[in-house]
Structures are given as structure tokens and as C-alpha cells.
Amino acid sequence: MFSQRIASLRPSPIREILSVIDRPGMVSFAGGLPASETLPHLTHSIAPTSLQYGPSEGDPELRTLVSEQLRALGLDAPTERVMILSGSQQGIDLVAKLFVDPGTPVAVESPTYLAALQVFRLYGADFTDLNWADSPGAPLAYVVPTFANPTGRCAIDGERDSLARACLDSGTTLFEDDPYRELAYGPCHRAPVTARMGGGSWVYQGSFSKTFAPGLRLGFLTASEDLFPRLVMLKQTVDLHSSTLSQQLVRNALTDPSWASRLDELASFYRTRRDSFDDALRRHLGGLAEWETPAGGLFFWLRLTKPIDTRTLLATAIDRGVAFMPGEEFFPDRPQLGTMRLNFSHADADATERGLRTLAQLLATCGL
Ligand SMILES: Cc1ncc(COP(=O)(O)O)c(C=O)c1O
């Protein structure tokens, strides 16, 4: 009755968790949710043109604004090769559709963004390990170099150069996913890897979800000349174009003189949250896990001192009022046991204290 690819479709663990986080008293370290306090209060009047159909590539003015920002990062991204997406998740689907048939090798980091793995799997990808220095050995490589999800890691300059060269030399298309780049809390190399290729095939995408409002579902993409027209055709088959209303709201925000200070305030707000989370982690899970303090993004990645399968802890944790993401879910295959991803942006200081204390008690019952 259904297509063959549906056989590989599994429910997203994160969606299942998100469905319980609104329970009263629940502390959630699970999703990558921006802090509610940082979401904008919108009072704009809505122009009738913002309720009309629009071009598939997106609002021309918004594309120009995005193009200016991307060119400032060194990307070859003229306005004609910028497309507005219905969330950067859509970009992953479009790129997967363009490249992946059953059995197509796709090089990914291990661990990497869970919902990208789900999309690539749906189209039948065969995952190979991405090694930053060597040829990816696959027609497509997917990477989150800046404040990765789930690890928070920011690739260093040399790694970025090596990967760009390896992709260029081996004819691999590099797909760089960069939704966290504005959330930087300390110095690190953030220049896009795709900007360093100086040719070849590549896709670079970003998102307005973490800097503005995830509910508007807007992201953007630019790509090399050989890929861009095909990606536009694929987008047309999916949703014709992204919400004109969302695009108006984002365009207004980007042209508002306060945009740059909004980004600074956001980074400063999350830097404080990261630091107090780090402090609470040390107090509650100090002897139970190891981690590196992330220089940006929204996540801490924990390695427990014992390799217990954290998927088996989740149901009890939720019963006790705390949700987290089991790290095992982020591995394309051969999950590393004893890992968890904790989001630090959403819970306030009191909730963080309560949630980490509960997690520590739960881990203690597992003999840690
Ligand atoms: C690495 C990565 N890519 C893409 C997305 C999708 O973001 P959105 O569709 O909200 O732009 C996320 C969301 O958390 C992410 O972490």
C-alpha cells in the first residue's frame, strides 16, 4: 500500500519528547528550543501582499538581505542564488532528494544532527564516517562545522581548510548546515567551509529559527551554480514557496536598526545561561560525566563515566519530571553508549538546578 521508503521511517524521538515537555513542572533539556524570553513581540501590521502567493525562491528583498550577509562571510552567494526555505530542515530534504537513492553513500560526522540522519535514511542513504582530513569517499558530505548539534563542537581552521580541499579534490558535494553560527560565546573559527572551496559543488544553509523565531519556519540556502536551479525546482514540488507572511516579518526584523544589537544581546543572554548551566553541571554531575564547555550553540554533550544506554533512562527521567536527549540517537550506526545531549537555552536557573539534581539522582541509581 505504501512506498518502499516508508519502511525505513521511524518516529522522531525528539518529537515524542517534545510532546510531553509542556506537562506542568517538567524540566526539558531535550529540544533545541530558544529561550521563550528571547522570542520577539511582533506588532507589525500585515500588508495584503504578505498574504499573496510569492516566488519560489523567496521574497526578492529578503533574498538580497541574505545574500549581503552571506557574501560578507566569503560565500559566492549572489541574490539570484539565494533561496528562502521553510525552515532549514527543508534544505536537508531538498538536498537529500537531489543526491540520495537507495544505497547512495553519504558521509556524516558521528554523532550528527538526528533529523538530518532521518531524512537521509528515508531516501536510502548508506552512511560513511566523515573524516575532516581525508576524501569523504561519497558523492555527498553533510557537516555542521560550527557549534555542532549534538556536540557543540566548532571545527578549527585547519580542519575547515582540509575538508574544503578534500571535497574539491574528490568531487564530493559539500553540504554545510550552519544554524548556530550567530550564537557564539567566545572566539572560534566560524568562516564557512564552503566559502573555502573556491569551486566545486556545494550547498550552504542557515536558519532564522535560533536568532529570531522557530515558529515562523524560515531558513535560507545558497548553492553552487550546478545545483541551485535543481534545488529551486525541487522546492516548487514541495510547497511552491515559503510563507510570505513569515518572510515579511523576518525582512522587517533584518532591516530594523536594532537587528545587530538583538544578536549581541542574544549571545550575551545565552552565554550567561551556558555558564550557569556549566556551573550546575559541575556541582551535580561532576564525578558522573565529562564534557567540554561549548563555545557556542545550544547544547552540552555529556559522556558518562559508565557506558549505560541512556535510552533506557529516558522514561524514568520523564516520570520524575526531567527530559533529555539520549546521545545514542545521534549516531548513524554503532551508537556510543553513555552519552547525552543537554540543551541549556530553554530552562531557567531554578529549573536547571532541579532538573540536573534529578538526573544525578537517577544516574546514581544506575551505579554511577
Ligand atoms: C543542525 C541543524 N540543522 C537544521 C535544523 C533545523 O532548523 P530549522 O528547520 O528550524 O531552521 C536544526 C534544528 O535544530 C539543526 O540543529
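Throughout, a residue's number is its position along its own chain's written sequence, starting from 1. For a predicted model such as this one, the threshold for reporting local features is a pLDDT of at least 70, and the threshold for listing and counting side-chain atom pairs is 80 or more; totals across whole chains, interfaces and linings nevertheless cover every residue. The basis for the side-chain values is all heavy atoms of the structure; hydrogens and waters are excluded.

UniProt positions are given in the numbering used here, feature names are shortened, and annotations may be inferred rather than shown by experiment. In this structure's numbering, the residues bearing the UniProt feature "domain: Aminotransferase class I/classII large" (unreviewed entry) are residues 45-351. Starting at the N terminus, helices and strands are each numbered in turn, a helix being any DSSP run of H or I of at least four residues and a strand any DSSP run of E of at least two. Span residues 45-351 is 35% helix and 16% strand, its end C-alpha atoms 36 Å apart.

In these notes, residues near a molecule or strand are those with any non-hydrogen atom within 4 Å of it. Neighbouring residues of the ligand: 14 residues in total, closest S88, D177, Y180, S207 and S209. N or O atoms closer than or at 3.5 Å make up a polar contact, with two conditions inside protein: a donor-capable atom paired with an acceptor-capable one, and, for residues adjacent in sequence, both atoms drawn from side chains. D177 places a polar side-chain atom, nitrogen or oxygen, 2.6 Å from a nitrogen atom of the ligand. Interatomic distance of 2.8 Å between a side-chain N/O atom of R217 and an oxygen atom of the ligand. The method behind every accessible area is Shrake-Rupley, applied with a 1.4 Å probe, and residues are considered shielded solely by the protein chains displayed. Burial of the ligand by the protein amounts to 92% of the accessible area it has alone, namely 390 Å². A breakdown of the residues in the shell around the ligand according to their chemical character gives 5 nonpolar, 6 polar and 3 charged. Side-chain classes are defined by residue name, with Ala, Val, Leu, Ile, Met, Phe, Trp, Tyr, Cys and Pro counting as nonpolar, Asp, Glu, Lys and Arg as charged, and the others, Gly among them, as polar.

Before going further, it helps to spend a moment on the packing of aromatic side chains. Two rings from Phe, Tyr or Trp (for Trp, the six-membered ring) form a pair when their centres sit within 6.5 Å of each other. Planes less than 30 degrees apart are called stacked, planes more than 60 degrees apart edge-to-face, and all others tilted. Evaluated as defined, the whole model comprises 13 aromatic pairs. On the basis of an interplanar angle of 90° and a centroid distance of 5.3 Å, the ring pair of F29 and F277 is categorised as edge-to-face. Of this pair, F29 sits in the loop between β1 (27-28) and α2 (60-72) while F277 sits in helix α8 (residues 259-285), placing them 248 residues apart in sequence. Grouping residues by exposure puts F29 and F277 together as buried. Between F277 and F344, the aromatic rings sit 6.4 Å apart at their centres with planes inclined by 50°, giving tilted as the arrangement. In this pair, F277 is assigned in helix α8 and F344 in the loop between β13 (339-343) and α10 (349-365), connecting sequence segments 67 residues apart. A relative accessible area of 1% places F344 in the buried class. Counting every residue linked through ring pairs, the aromatic cluster contains F29, Y185, F277, F300 and F344. Only protein chains enter the accessibility calculation, which uses a 1.4 Å probe. A residue is then buried if its area is under 20% of the maximum for its type, exposed if over 50%, and partly exposed in between.

What follows concerns the nonpolar core. Ranked by internal contacts, the top residues of the largest apolar core, which has 53 residues, are F29, L281, L302, L342 and L356. Within the residue set of this core, elements represented by two or more residues are α1 (13-18), α8, β10 (299-304), α9 (314-319), β11 (322-323), β13 and α10. Per-element tally for this core: the top contributor is α8, with 7 residues. Per-domain counts for this core show at least three residues from each of domain 1 (4-39 + 260-365) and domain 2 (54-255). Should any heavy atoms of two residues lie within 4.5 Å, those residues are considered in contact. With residues up to four places along the chain from it excluded, the contact list for L356 reads F29, F277, A280, L281, H284, L285 and L342. The term nonpolar core refers to a set of buried residues drawn from Ala, Val, Leu, Ile, Met, Phe, Trp, Tyr and Cys, joined through side-chain atoms within 4.5 Å. Counting residues in hydrophobic clusters, the runner-up holds 35 residues, among them W132, M197, L216 and L254. Note: domain ranges come from an automatic or database domain assignment.

Next up on the list: the pattern of salt bridges. Put simply, a salt bridge is a Lys or Arg side-chain nitrogen that is within 4 Å of an Asp or Glu carboxyl oxygen. This model, assessed by the stated rule, comprises 18 salt bridges. Via salt bridges that share partners, D76, R81 and E225 belong to a single interconnected network.

Time to look at helix α3 (residues 88-99). Taking 1.5 Å of rise per residue, 12 residues should cover 16 Å, and α3 covers 17 Å from first to last C-alpha, within 8% of that figure. Counting buried positions along α3 gives 9 out of 12 residues, so the element sits mostly inside the fold. Buried within α3 we find S88, Q90, G91, I92, D93, L94, V95, A96 and F99. Expected span of a helix, by definition, is 1.5 Å for each gap between consecutive residues, and there is one gap fewer than residues.

Of the consecutive residues S110 and P111, the connecting peptide bond is found in the cis state with omega at 10°. Relative to the elements of secondary structure, P111 occurs in the loop between β3 (105-108) and α4 (114-122). A cis amide bond, omega 20°, links N149 with the succeeding residue P150. For F147, which is not a glycine, the phi torsion comes out positive at approximately 55°. Inspection of the secondary structure puts F147 in the loop between β5 (140-143) and α5 (157-170). Taking the relative accessible area as the measure of exposure, F147 reaches 1% and is therefore buried. Phi angles above zero are rare outside glycine, and R217 is one such case at about 55°. In this structure, R217 sits in the loop between β7 (202-207) and β8 (219-223). For R217, a relative accessible area of 38% translates into the label partly exposed.

Moving on, we come to the domain arrangement of the protein chain. For the protein chain, the assigned domains are domain 1 (4-39 + 260-365) and domain 2 (54-255). On a C-alpha basis, the centroid separation for the pair domain 1 and domain 2 is 24 Å. As used here, buried area is the combined drop in accessible area, with a 1.4 Å probe, of two parts when they are placed together. Each partner contributes to the roughly 2,800 Å² buried at the junction of domain 1 and domain 2, and carbon and sulfur atoms together form 62% of this total. Interface area lost by domain 1 to domain 2 is led by A295, F330 and P332, which between them contribute 21%. Summed over the shared surface of domain 1 and domain 2, the number is 1 salt bridge. Residue R334 is joined to D129 by a salt bridge in which the shortest nitrogen-to-oxygen separation is 3.3 Å.

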